[in-house]
Amino acid sequence: MSTLPPEVATEDATKQSFWMERARVERQYAQQLSEWSNKWKPLVDSSPLYGSLLQAWQCFLSSADRLAALHSSVCRSLVSEDGDRVRTWQKETFHKKLFGGFKESQDFGTGFARAQKPWAKRLKKLDKARSAFHKVQRKEQTARDREVHAKGNPDVAIEKQKKIQEERELAQQETEKVRARYEKVLEEVTRYAPRYMEEMECIFDQSQEEERKRISFLKQAFLSVHRHLDVTNNESVKAVYNELHNTLMAINEQDDLRWWKNTHGPGMPTDWPQFQEWTPEKKSKKGKKEKEVESQQGTIERSVMIGGVKVRALYDYDGQETDELSFKAGEEFLKTEDEDDQGWCRGMKDGGREGLYPANYVETV
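Residues numbered from 1 in each chain as written. Predicted model: local features only at pLDDT ≥ 70, side-chain atom pairs only at ≥ 80, totals over all residues. Heavy atoms only, no water.

Under the annotation held in an unreviewed UniProt entry, the chain carries the name Protein kinase C and casein kinase substrate in neurons protein 3-like and is attributed to Oncorhynchus tshawytscha. The Function (unreviewed entry) field of the UniProt record for the chain holds the comment "Plays a role in endocytosis and regulates internalization of plasma membrane proteins. Overexpression impairs internalization of SLC2A1/GLUT1 and TRPV4 and increases the levels of SLC2A1/GLUT1 and TRPV4 at the cell membrane. Inhibits the TRPV4 calcium channel activity." Here is the UniProt Subunit (unreviewed entry) comment for the chain, exactly as written: "Homodimer. May form heterooligomers with other PACSINs. Interacts (via SH3 domain) with DNM1, SYNJ1 and WASL. Interacts with TRPV4." (UniProt positions renumbered as here; feature names shortened; annotations may be inferred.)

As structure tokens, this is what we get:
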């Protein structure tokens, strides 16, 4: 029942793909069904079962064989159809690099980096201008505080106050210069923002399209796997269980008991002994060929001897002792003695071979 390649069948489960692992489960289930059927079939065939009940047992076993074949086909579909389809898509869509990773992933990463590099450079410049502006603002604020403190303090000389005032004015002028530079850099960043967004959206749309294709493909792949695994909608599986259900519903105790009564009970056909007149034998000289013909005719006459009932074997039987008959299922011969207390009958096969056999292994013809 194995349909997986040897290297896949023996591979550790953690190393198998999603599809191969499920295929292995289906293969093992098919094997177990076949093993179960093969184990019980000889026991059922050699049992004393009969009639519609025997047919029900046999139908369970044949259903298992048919289901095993169906699950093997599921395994083959997962491997040869779904698995190959995914592997082909992976090979065509994702190209491995020499040192690991995939070319497509690197390309998108490079695309995003290329779009972000000018923007990051401008942001760095802007951050530097902002820091410089905030620095001179702090310096100007310190100068203002010193000027206010000096004006309200009579202990500070006029010359000193003028010097503090000049420092504040220089700080204010520096602040205006740095502020102008900061605003200019910010204006550049603001003007570049639309281009940055356009380039980022372009590479993002490309990556989204590839992702859309991936999701769409996997959706179809999942639906294909679902179709193969969904045995509830498989007409062949439905047919197996419908046939099994109909066979079980056909079990009829009255018909089976009637068959047993007519075959092995009071209703079975009998050939009661009858009175026979004695007929003298004619004496005549016979040639060698005539004796051979007579011998064959005698054998044929013995096979239909009076008091015998013709029976047909239901199962194979190999005689365990020298006084037992051996026969195959379907073989016909004569029952010469009825069943004894131990369940044995005596019979005679063509050729004159006589012996005992189990009574429940045959049926009356």
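A. Layout of the overall build of the chain. Helices and strands together make up the secondary structure of the chain, namely eight helices and five strands. Put simply, the chain runs from its N terminus to its C terminus through helices and strands in the order α-α-α-α-α-α-α-α-β-β-β-β-β. The buried share of the chain, reckoned over its 365 residues, is 28%. In the chain, the proportion of contacts linking residues at least 24 apart, taken out of those at least 6 apart, comes to 66%. (Helix = DSSP H or I, 4+ residues; strand = E, 2+ residues; numbered from the N terminus. Buried < 20%, exposed > 50% of the residue type's maximum accessible area, 1.4 Å probe, protein only. Contact = heavy atoms within 4.5 Å.)

B. Structural view of the side chain of Glu363. Note on placement: Glu363 falls in strand 5 (residues 362-364). Taking the relative accessible area as the measure of exposure, Glu363 reaches 17% and is therefore buried. In this structure, Glu363 is in contact with Trp259, Thr263, Val311, Arg312 and Leu314, ignoring residues within four places of it in sequence.

C. Structural view of the pattern of salt bridges. Using the criterion set out here, one finds 26 salt bridges in the structure. In this structure, the salt-bridge partner of Asp84 is Arg87, at a minimum N-O distance of 2.3 Å. Of the two residues, Asp84 and Arg87 are both situated in helix 3 (residues 51-93); the distance of three residues between them amounts to about one turn of the helix. Between Glu199 and Arg195 there is a salt bridge, with its nearest N and O atoms 3.2 Å apart. With a gap of four residues between them, Glu199 and Arg195 both fall in helix 5 (residues 158-229), about one helical turn apart. Connected through salt bridges with shared partners, the residues Lys310, Arg312, Glu332 and Glu363 form a single ionic network. (Salt bridge = Lys/Arg side-chain N within 4 Å of Asp/Glu carboxyl O.)

D. The arrangement of empty space enclosed by the protein in detail. Considering all chains together, one arrives at one cavity of 30 Å³ or more under this definition. Taken together, Pro48, Leu49, Tyr50, Trp259, Trp260, His264, Leu314, Tyr315, Asn360 and Val362 make up the full set of residues lining the largest cavity. With three residues, helix 7 (residues 253-264) is the single largest residue contributor to the lining of the largest cavity. Taken together, the residues of the lining of the largest cavity break down into eight nonpolar, two polar and no charged. (1 Å grid on protein atoms, 1.4 Å probe; cavity = no way out; pocket = protein on both sides within 12 Å on 5 of 7 lines; lining within 4 Å. Points joined across faces, edges and corners; volume = space filled by probe spheres on them. Nonpolar A, V, L, I, M, F, W, Y, C, P; charged D, E, K, R; others polar.)

E. A look at the packing of aromatic side chains. Scanning all chains against the criterion turns up 19 aromatic pairs. Between the aromatic rings of Tyr315 and Tyr361, the centroid separation amounts to 5.4 Å while the plane-to-plane angle is 75 degrees, which identifies the pairing as edge-to-face. Taken as a pair, Tyr315 in the loop between strand 1 (309-313) and strand 2 (332-337) and Tyr361 in the loop between strand 4 (354-358) and strand 5 lie far apart in primary sequence, 46 residues in all. Among the residues examined, Tyr315 registers a relative accessible area of 9% and is labelled buried. Counting every residue linked through ring pairs, the aromatic cluster contains Tyr315, Tyr317, Phe327, Phe333, Trp344, Tyr357 and Tyr361. (Phe/Tyr/Trp six-rings, centres within 6.5 Å; stacked < 30°, edge-to-face > 60°.)

F. A look at the UniProt feature "coiled-coil region" (unreviewed entry) in the chain. The UniProt entry lists residues 156-188 under the feature "coiled-coil region" (unreviewed entry), expressed in the numbering used here. Span residues 156-188 is 94% helix and 0% strand, its end C-alpha atoms 46 Å apart.

G. Looking closely at the sheet that holds strand 2. In space, the five strands of this open sheet follow the order 4-3-2-1-5, with antiparallel pairing throughout. In this open sheet, the two strands that pair with only one neighbour each are strand 4 and strand 5. Pairs of neighbouring strands in the sheet enclose a mean axial angle of 50 degrees, with direction left out of account. For strand 2 and strand 3 (residues 344-348), the ladder comprises three bridges, and the chain directions are antiparallel. Paired with Leu334 across the two strands is Met348, which belongs to strand 3. (Pairing = 2+ DSSP bridges. Axes fitted to C-alpha atoms, helices over the stretch in contact; angles between N-to-C directions.)

H. Seen up close, the pairing of strand 3. Between the antiparallel neighbours strand 2 and strand 3 lie six residues, among them Gly343 with a positive phi of about 85 degrees. Bridge analysis of strand 3 against strand 4 gives five bridges, and the strand direction is antiparallel. Its bridge partner lying in strand 4, Trp344 is registered against Pro358. Between strand 3 and strand 4, which pair antiparallel and follow one another directly, the connecting turn spans five residues, one of which, Gly351, has a positive phi of 105 degrees.

I. Broad picture of the nonpolar core. In this structure, Val311, Leu325, Phe327, Phe333, Tyr357, Tyr361 and Val362 are the most contacted members of the largest nonpolar core, which totals 15 residues. The set of elements that each furnish at least two residues to this core consists of helix 3 and strand 1. For Val311, the residues in contact, after removing those within four places along its chain, are Glu331, Glu332, Phe333, Lys335, Tyr357, Val362, Glu363, Thr364 and Val365. (Core = buried A, V, L, I, M, F, W, Y, C linked by side-chain atoms within 4.5 Å.)

J. The arrangement of a nonpolar patch on the surface in detail. Taken together, the side chains of Trp36, Trp40, Leu43, Leu53, Trp57, Phe60, Leu248 and Ile251 define a hydrophobic patch exposed on the protein surface, amounting to about 720 Å² of accessible area. Those elements that provide at least two residues to the nonpolar patch are helix 2 (18-45) and helix 3. Structurally, Trp57 can be placed in helix 3. (Patch = residues over 30% accessible without salt bridge, like charges linked within 9 Å, V, L, I, M, F, W, Y side chains within 5 Å. Areas by Shrake-Rupley, 256 points an atom, 1.4 Å probe, with all protein chains shown as cover.)

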